[in-house]
Amino acid sequence: MPSDTRDGARWTGNGPVVLVTGGAGFVGSHTCKALAGAGFRPVVYDNLSNGARQAVQWGPLEVGDLDDAERLAAVVAAYAPKGVLHFAGRIEAGASVTDPAAFYDANVAATLTLLRVMRAAGLDAIVFSSTAAVYGDPDVLPIPETHPLHPVNPYGRTKRMAEEILADLHTAEGLRYAALRYFNAAGADPDGDLWETHQPETHLIPLTVQAALGLRPEIAVFGTDYDTPDGTCVRDYVHVADLAQAHVLALGRLLGGGAPLVANLGTGRGHSVREVVATVERVTGRPVPTRIAPRRPGDPPTLVAAPDTAIAELGWRPIHAALEAQVRDSVRGERRRAGLQAPDDGGPLSASGSAPP
Ligand SMILES: NC(=O)c1ccc[n+]([C@@H]2O[C@H](COP(=O)([O-])OP(=O)(O)OC[C@H]3O[C@@H](n4cnc5c(N)ncnc54)[C@H](O)[C@@H]3O)[C@@H](O)[C@H]2O)c1
Ligand SMILES: O=c1ccn([C@@H]2O[C@H](COP(=O)(O)OP(=O)(O)O[C@H]3O[C@H](CO)[C@H](O)[C@H](O)[C@H]3O)[C@@H](O)[C@H]2O)c(=O)[nH]1
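No experiment lies behind these values; they were computed from the predicted model shown.

**Examining the confidence of the model for the protein**
Logical step 1: Summary statistics for the protein give a mean pLDDT of 92 and a share of 92% for residues scoring 70 or more.
Logical step 2: Here residues 1-9 is modelled with pLDDT under 50, and outside its nearest four sequence neighbours on either side it reaches 26 contacts, counting other chains as well.
Logical step 3: The low-confidence segment residues 343-357, where pLDDT is below 50, has 28 contacts with residues more than four positions distant or belonging to other chains.
Logical step 4: Under the prediction, the complex receives an ipTM of 0.98, its pTM being 0.94.

If you want it as structure tokens, here you go:
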């Protein structure tokens, strides 16, 4: 199998090979680093629609689409992975409202294709990227996994459907799975090896950091009339390195024969949009120009996780739980992404090329 890799040589361990769909993306690439650190050998399968080649640093990159069952099967046959971590898919809740079919294709049909390929290869362990968006507008806070699933946008519905497919395949065929419901992934690799690379970027923290660094003129605050303490939406931001660690633990559980798991991944603490802006201003020492904008369709006012299941069942701890730590790592990531030198996290901005205003 010809592999489109620059650096498979960073496979240092001789632990189990695992297939990582979407491993060139934000959460997937950080998880590959954590997997390698735990002795696994990650093989990334990604079509690079929203990922970055340079983010694949801990094993081979196989460029391919999940829709291409033949190619996927060939990659599985070539590497004989022991498990799958499935990150690939469409992620923007707002875009799912205007183009739902694309989300059902990418998140439901493609997941079925992957599961068929896995079954044909006798591969029966999968860690799945689910989301807090499966809950919709919650009745209780913090949200436990037992909360009814009433997603308010097609994105959340695609993830709920995928979870249901996994549960049905467990019942019918003994598929081993973990569905990890992330709240808002934030931060960047604390060592500075990786950062957020969404194209286009839609997430609050990177956009706010970019505005502080002068890389965009302002950010829009989507709604200031929510029923929250300061009128802006509240979210539970969880560091991507902590998410990565949870995946390693979940994979270990499945490969060790553990029972299926559905678990929230969040810190249990919520922060408003205004708090995020204030934190970015404090960390960078720069003002963030904001513009008040209408509510964004499909945004629940408050989403905060009850993370007890992941703590009890996986022994997981979100160790970078402080918003300030997440923002600091995000600032460094955004500086790297923009080609700005970042000798330290909080120091004055210096540019290798042209400095932003
Ligand atoms: N970022 C968040 O805050 C967040 C929160 C909850 C859940 N999630 C879920 O976690 C997963 C990863 O999110 P992310 O932020 O890392 O997204 P991302 O867009 O950075 O990563 C997804 C990767 O999948 C690849 N991909 C997309 N469609 C593909 C296809 N058909 N075939 C092959 N590769 C394909 C993209 O190129 C990209 O590299 C997604 O499933 C997302 O729904 C993310
Ligand atoms: O320019 C912006 C961008 C966002 N927001 C607000 O900031 C909050 C966070 O928005 P993000 O776009 O950063 O994240 P979401 O909460 O929309 O969604 C993220 O978390 C969800 C689960 O909570 C889903 O899984 C989804 O994939 C993931 O992107 C929201 O209230 C949003 O309205 C703004 O005010 N201005």
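Now, onward.
**Some details on the UniProt feature "domain: NAD-dependent epimerase/dehydratase" (unreviewed entry) in the protein**
Logical step 1: The positions UniProt marks with the feature "domain: NAD-dependent epimerase/dehydratase" (unreviewed entry) are residues 18-266.
Logical step 2: Here residues 18-266 is 38% helix and 19% strand, with 25 Å between the C-alpha atoms at its ends.

**Focus: the sheet that holds strand β3 (residues 61-63)**
Logical step 1: One open sheet holds the seven strands; their spatial order is β3-β2-β1-β4-β5-β6-β11, and the pairing between them is parallel. The open sheet is flanked by β3 and β11 (261-265), the only strands paired with a single partner. Along the sheet, successive strands turn relative to each other by an average axial angle of 20°, direction set aside.
Logical step 2: The sheet contact formed by strand β1 (residues 17-21) and strand β2 (residues 41-46) spans five bridges and is parallel. Looking at β2, one finds that Thr21 is bridged to Tyr45.
Logical step 3: Each of β1, β2, β4 (83-86) and β6 (176-182) touches helix α1 (residues 26-37); the most contacted strand, β1, lies at about 170° to it.

**Quick word on the side chain of Asp189**
Logical step 1: Mapped onto the elements of the fold, Asp189 is located in the loop between β7 (184-186) and α6 (204-212).
Logical step 2: Given a relative accessible area of 7%, Asp189 falls into the buried group.
Logical step 3: Leave out the neighbours within four places in its chain, and Asp189 touches His30, Lys33, Leu194, Val240 and Arg332.

**Topic: the sheet that holds strand β9 (residues 234-235)**
Logical step 1: The three strands lie next to each other as β12-β9-β14, forming an open sheet whose pairing is mixed. With one partner strand each, in any of the chains shown, β12 (271-272) and β14 (302-303) form the two edges of the open sheet.
Logical step 2: Where β9 meets β14, two bridges bridge the pair, whose relative direction is parallel. Along β14, the bridge assignment pairs Val234 with Thr302.

**Some words on the site of ligand 1**
Logical step 1: In the vicinity of ligand 1, 27 residues are found, and the nearest of them are Val27, Asp46, Asn50, Tyr155 and Lys159.
Logical step 2: Tyr155 is positioned with one of its side-chain polar atoms (N or O) 2.6 Å from an oxygen atom of ligand 1.
Logical step 3: Notes on ligand 1: free accessible area 820 Å², of which the protein chains cover 96%.
Logical step 4: Elements that contribute at least two residues to the shell around ligand 1 include exactly α1, β5 (125-131) and α5 (154-173).
Logical step 5: Take the shell around ligand 1: its biggest share by element is three residues, from β5.
Logical step 6: Of the residues belonging to the shell around ligand 1, the class tally is 12 nonpolar, 12 polar and three charged.

**With respect to the packing of helix α8 (residues 273-284) against helix α10 (residues 323-337)**
Logical step 1: Running from N to C, α8 and α10 cross one another at 60°; their axes reach a closest spacing of 9 Å. Taken together, α8 and α10 sit at an angle that is classed as oblique. Note on packing geometry: the crossing formed by α8 with α10 is right-handed. Between α8 and α10, the contacting residues are Glu275, Val276, Thr279, Val280, Arg282, Val283 and Thr284 on the first element and Leu323, Glu324, Val327, Arg328 and Val331 on the second.

**Some details on the domain arrangement of the protein**
Interface size is commonly expressed as the accessible surface area that is lost when the partners come together.
Logical step 1: On domain assignment, one finds that the protein holds domain 1 (17-186 + 239-265) and domain 2 (204-235 + 268-338).
Logical step 2: Summarising the inter-unit geometry, the C-alpha centres of domain 1 and domain 2 are found 24 Å apart.
Logical step 3: Taken together, the 27 residues of domain 1 in the interface contact 24 residues of domain 2.
Logical step 4: When domain 1 packs against domain 2, the two sides together hide about 2,100 Å² of surface, and 67% of this comes from carbon and sulfur.
Logical step 5: When the buried surface of domain 1 facing domain 2 is broken down by residue, His239, Asp242 and Leu249 rank first, second and third, together holding 25% of it.
Logical step 6: Taken together, the connections running from domain 1 to domain 2 amount to one salt bridge.
Logical step 7: Between Glu313 and Arg253 there is a salt bridge, with its nearest N and O atoms 3.0 Å apart.
Logical step 8: Linking domain 1 to domain 2 there are 10 residue pairs in polar contact (both at pLDDT 80 or more).
Logical step 9: Take the side of domain 1 that touches domain 2: its biggest share by element is seven residues, from helix α7 (residues 240-255).

**Structural notes on the pairing of β1**
Logical step 1: Counting buried positions over the five residues of β1 gives five, a clear majority of the element.
Logical step 2: Of the two faces of β1, the one carrying Val17, Leu19 and Thr21 and the one carrying Val18 and Val20 are both buried.
Logical step 3: As a crossover connection, the stretch from β1 through α1 into β2 is right-handed.

**Section: the nonpolar core**
Within soluble globular proteins, side chains that are nonpolar generally end up buried alongside one another.
Logical step 1: Among the nonpolar cores identified, the biggest contains 34 residues, and Leu35, Leu85, Val127, Leu180 and Leu265 are the most heavily contacted of them.
Logical step 2: Those elements giving two or more residues to this core turn out to be β1, α1, β5, β6, α7, β11 and α9 (308-314).
Logical step 3: Broken down by element, this core gets its largest block of residues, eight residues, from α7.
Logical step 4: The residue makeup of this core includes at least three contributed by each of domain 1 (17-186 + 239-265) and domain 2 (204-235 + 268-338).
Logical step 5: If we ignore the near neighbours within four places in the chain, the residues touching Leu35 are Val18, Val20, Phe40, Pro42, Leu85, Val248 and Leu251.

Definitions and limits used
Residues numbered from 1 in each chain as written. Chains lettered and ligands numbered in written order. Predicted model: local features only at pLDDT ≥ 70, side-chain atom pairs only at ≥ 80, totals over all residues. Heavy atoms only, no water. pLDDT = per-residue confidence, 0-100. Contact = heavy atoms within 4.5 Å. UniProt positions renumbered as here; feature names shortened; annotations may be inferred. Helix = DSSP H or I, 4+ residues; strand = E, 2+ residues; numbered from the N terminus. Pairing = 2+ DSSP bridges. Axes fitted to C-alpha atoms, helices over the stretch in contact; angles between N-to-C directions. Buried < 20%, exposed > 50% of the residue type's maximum accessible area, 1.4 Å probe, protein only. Near = heavy atom within 4 Å. Polar contact = N/O pair within 3.5 Å; in protein donor to acceptor, adjacent residues only side chain to side chain. Areas by Shrake-Rupley, 256 points an atom, 1.4 Å probe, with all protein chains shown as cover. Nonpolar A, V, L, I, M, F, W, Y, C, P; charged D, E, K, R; others polar. Parallel < 35°, antiparallel > 145°, perpendicular 65-115°, else oblique. Left-handed = near helix turned anticlockwise from the far one by under 90°. Domains from an automatic or database assignment. Buried area = accessible area lost by both parts, 1.4 Å probe. Salt bridge = Lys/Arg side-chain N within 4 Å of Asp/Glu carboxyl O. Right-handed = clockwise from strand over helix to strand, strands pointing away. Core = buried A, V, L, I, M, F, W, Y, C linked by side-chain atoms within 4.5 Å.

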